[in-house]
Amino acid sequence: MKNILVIFGTRPEVIKLAPVIIELKKHNYNVVICNTEQQKELSNQTLEYFGLKADINLDCMRENQSLISVQSRILTALDKVFEENSFDATIVQGDTMTVLCSALASYYKKIPVFHVEAGLRSYDIYEPFPEEIMRQMTTRVAELNFAPTEKNKHALLKENVSPDKIFVTGNTVIDALFCLSDKILDSAAEFFERNNVKIDDKLVLITAHRRENHGTRIDRIIDAIEYLANEYSDHSFVIPVHPNPNVHDKIHSRLSKYPQIKLLKPLEYPYLVYLMKNAKLILTDSGGIQEEAPSFGCPTLVMRYETERQEGIDAGVSILVGADYDKIIDFSEEILSKPKNLSRLQAQNPYGDGKSSQKIVKIIKNYFAD
Ligand code: UDP
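Residues numbered from 1 in each chain as written. Predicted model: local features only at pLDDT ≥ 70, side-chain atom pairs only at ≥ 80, totals over all residues. Heavy atoms only, no water.

Peer 1: I'd like to hear about the overall build of the chain, residue by residue, with values.
Peer 2: Helix and strand counts for the chain come out as 15 helices and 13 strands. Over its C-alpha atoms the chain spans a radius of gyration of 20 Å, differing by no more than 12% from the 21 Å that the globule rule assigns to 370 residues. The principal-axis extent of the C-alpha atoms belonging to the chain is close to 60 × 40 × 40 Å. Looking at the chain as a whole, 56% of its 370 residues are labelled buried. Considering only intrachain contacts with a sequence separation of at least 6, the fraction spanning at least 24 residues in the chain is 69%. Put simply, the chain shows about 15,900 Å² of open surface, and 48% of that area lies on carbon and sulfur atoms. Counting 44 positive and 51 negative side-chain charges, the chain places the centres of these two groups 2 Å from one another. (Helix = DSSP H or I, 4+ residues; strand = E, 2+ residues; numbered from the N terminus. Rg over C-alpha atoms; globule rule 2.2 N^0.38 Å. Buried < 20%, exposed > 50% of the residue type's maximum accessible area, 1.4 Å probe, protein only. Contact = heavy atoms within 4.5 Å. Areas by Shrake-Rupley, 256 points an atom, 1.4 Å probe, with all protein chains shown as cover. Lys, Arg positive; Asp, Glu negative; His and termini not counted. Charge placed at Lys NZ, Arg CZ, Asp CG, Glu CD.)

Structure, rendered in C-alpha cells:
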C-alpha cells in the first residue's frame, strides 16, 4: 500500500484537498494528513466539516508572523515529519507558504511532489505577493501537475514543464461544493436567522483579505461599500471579516454603524456556500470564491488588479474592478439597480464539473502503476 502525505495549512487548501483525500481513501491509499496550521483555527474548523482529522498538527502559526519566520518554522517542523516517516509521494495544493515549504522539504528527501491547482500565473511577482513565487517555485519541483484549465496547462508548457507531467483536471474546489448535504445547508439557513442576517433577493456578499489590498486599497474598498450601502440601503451587505488586523480593524471601525451591513466572523465553509448560493452580487478578492460563485449563477466583481483566474473574466462570469472606487460602484450599480433574476449568469462554470478529484486519483494510480 502506498503512503501518501497530504500537507496543507490554510482554509482554502483544506477545501481543495479534502475531496482528493476522500477519493484517495476510497482507493485504499494510506493517507497521512498533515496540517502546518499556518492558519490554525480556520484550517482545523474546515477540516472537521469534511469529516476529516489531521494525523499531524505542526502548530506553525504565530501572531503577526513574518514571511521569513513562518517559512523557517514550517521547514523545521517538516524536517521531523520526513525524518520519522516514509512516504511514496507528497500532495500539496495552491500557492501558500505551506505549499512551497512542503514541496521543498519533499524534494530534499527525493519524494515526488504532486501539485494540485498547478499553472496559475499572473507573471507579476508582487501581485499576488508572495503567492506568485510560491507557485512558480513549486512547479520547479513538482512531479505531477494537476492544472485546473487548459490555460493553466499552457502556462506550464511555456515554462518547459514536460507535457507528460501535466494533466488538466478542473478545480477540486467545485468537487467540495458537491460534498454539502441539504441538511447542512438547512442548518446554515437557521444560523443566519439566529444571527439576524436577512437572506433574500437583495443579498450582497463581500470578502476582502489579500495582502495586496492592505493599506490604502482597503480604505478605497470601504469607501465604495459605504457608498453602496447608503444608495441601496434596502439591500443587505454581508461581510465575513477576515481576522487579519489590517482589514479587520478598519472594516469594523468604519462599517459597524450601518444596520444594513452585517459584519460577521469568518464563516464556516457551508455557511459561506449558503451565502454564495443566495447572493445577488459578490464582491471579493478571494481566489476560491471567484471559482465557486459561477456554480451558483452569481455575478462576481473581483477586487484585484490582476487575476490568475482569467477564465472567469473571459467567460463573462466575473469582472476585474481592482480596488478602484469608481469601478466597484459602477459595476455594482449595474446589478443592484435591477431585480436579481435579470443578472443571473448563463455561462457554465469554467473551473470544473465536480469530478476533478476522481480524475486526479486516477492519474496518481497510473503514475504508481508505471
Ligand atoms: N471561505 C469560507 N468562509 C469565509 C470566506 C471564505 O469558508 O468566511 C471559503 C471560500 O468558500 C473558498 C475559500 O474559503 O472556498 C477561499 O478562501 P480565502 O478567500 O480565504 O482564500 P483564497 O481563495 O483567496 O486563497
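Peer 1: Go over the sheet that holds strand β8 (residues 203–207), please, and point to the residues and values.
Peer 2: Ordered in space as β10-β9-β8-β11-β12-β13, the six strands form an open sheet in which the pairing is parallel. The open sheet has two free edges, formed respectively by β10 (261–264) and β13 (318–320), since each of these has just one partner strand. Going from strand to strand, the sheet's axes swing by 20° on average, the running direction of each strand aside. Pairing analysis gives four bridges linking β8 to strand β11 (residues 281–284), with the strands arranged parallel. Note that in β11 the partner of Thr-207 across the bridge is Thr-284. Helix α11 (residues 269–278) contacts β8, β9 (236–240) and β11 of the sheet and is inclined by roughly 130° relative to β8. On top of the sheet, helix α14 (residues 325–336) reaches β8, β9, β11, β12 (300–302) and β13; it is set at about 165° to β11, its chief contact. (Pairing = 2+ DSSP bridges. Axes fitted to C-alpha atoms, helices over the stretch in contact; angles between N-to-C directions.)

Peer 1: Report on the packing of aromatic side chains, specifying residues and quantitative values.
Peer 2: Under the defined criterion, the tally for this structure stands at 15 aromatic pairs. The interplanar angle of 80° and the centroid separation of 5.2 Å between the aromatic rings of Phe-114 and Tyr-367 together place this pair among those described as edge-to-face. Note that Phe-114 is positioned in strand β5 (residues 113–116) and Tyr-367 in helix α15 (residues 356–369), a separation of 253 residues in sequence. When its relative accessible area of 26% is taken as the criterion, Tyr-367 is described as partly exposed. Ring centres of Phe-192 and Tyr-274 lie 5.9 Å apart, and the angle between their planes is 15°; this geometry places the pair in the stacked category. (Phe/Tyr/Trp six-rings, centres within 6.5 Å; stacked < 30°, edge-to-face > 60°.)

Peer 1: Go over the sheet that holds strand β2 (residues 30–35), please, and point to the residues and values.
Peer 2: The seven strands lie next to each other as β3-β2-β1-β4-β5-β6-β7, forming an open sheet whose pairing is parallel. The sheet is open, and its two borders are formed by β3 (56–57) and β7 (166–168), each paired with just one other strand. Relative to strand β6 (residues 142–147), β5 runs parallel, the two being bridged by four bridges. Opposite Val-116, over in β6, you have Phe-146 as the bridge partner.

Peer 1: Residue-level account of the site of the ligand, with values.
Peer 2: Within the structure, the ligand sits among 16 residues, and Leu-267, Ser-286, Gly-287, Gly-288 and Glu-292 are positioned closest to it. A distance of 3.0 Å is found between an oxygen atom of the ligand and a side-chain nitrogen or oxygen belonging to Arg-210. Separating a nitrogen atom of the ligand from a backbone N or O atom of Leu-267 is a distance of 2.8 Å. Within the complex, the protein chains bury 92% of what would otherwise be the 520 Å² of accessible surface of the ligand. In terms of residues, the shell around the ligand owes the most to one element, helix α12 (residues 287–292), which gives four residues. Split into classes, the residues belonging to the shell around the ligand amount to nine nonpolar, four polar and three charged. (Near = heavy atom within 4 Å. Polar contact = N/O pair within 3.5 Å; in protein donor to acceptor, adjacent residues only side chain to side chain. Nonpolar A, V, L, I, M, F, W, Y, C, P; charged D, E, K, R; others polar.)

Peer 1: How would you sum up helix α5 (residues 131–141)? Please name residues and give values.
Peer 2: Inspection of α5 places Glu-132, Met-134, Arg-135, Thr-138, Thr-139 and Val-141 among the buried residues, and these make up the whole buried set. The secondary structure elements touched by the buried residues of α5 are β4 (89–93), α4 (97–108), β5, β6 and α6 (150–158).

Peer 1: So what's going on with empty space enclosed by the protein? Which residues, and what values?
Peer 2: With the rule as written, the count across this model stands at one cavity of 30 Å³ or more. Residue lining of the largest cavity: Leu-120, Pro-148, Thr-149, Asn-152, Asn-171, Glu-291, Glu-308, Arg-309, Glu-311 and Tyr-351, and that is the complete set. In terms of residue class, the lining of the largest cavity is made up of three nonpolar, three polar and four charged. (1 Å grid on protein atoms, 1.4 Å probe; cavity = no way out; pocket = protein on both sides within 12 Å on 5 of 7 lines; lining within 4 Å. Points joined across faces, edges and corners; volume = space filled by probe spheres on them.)

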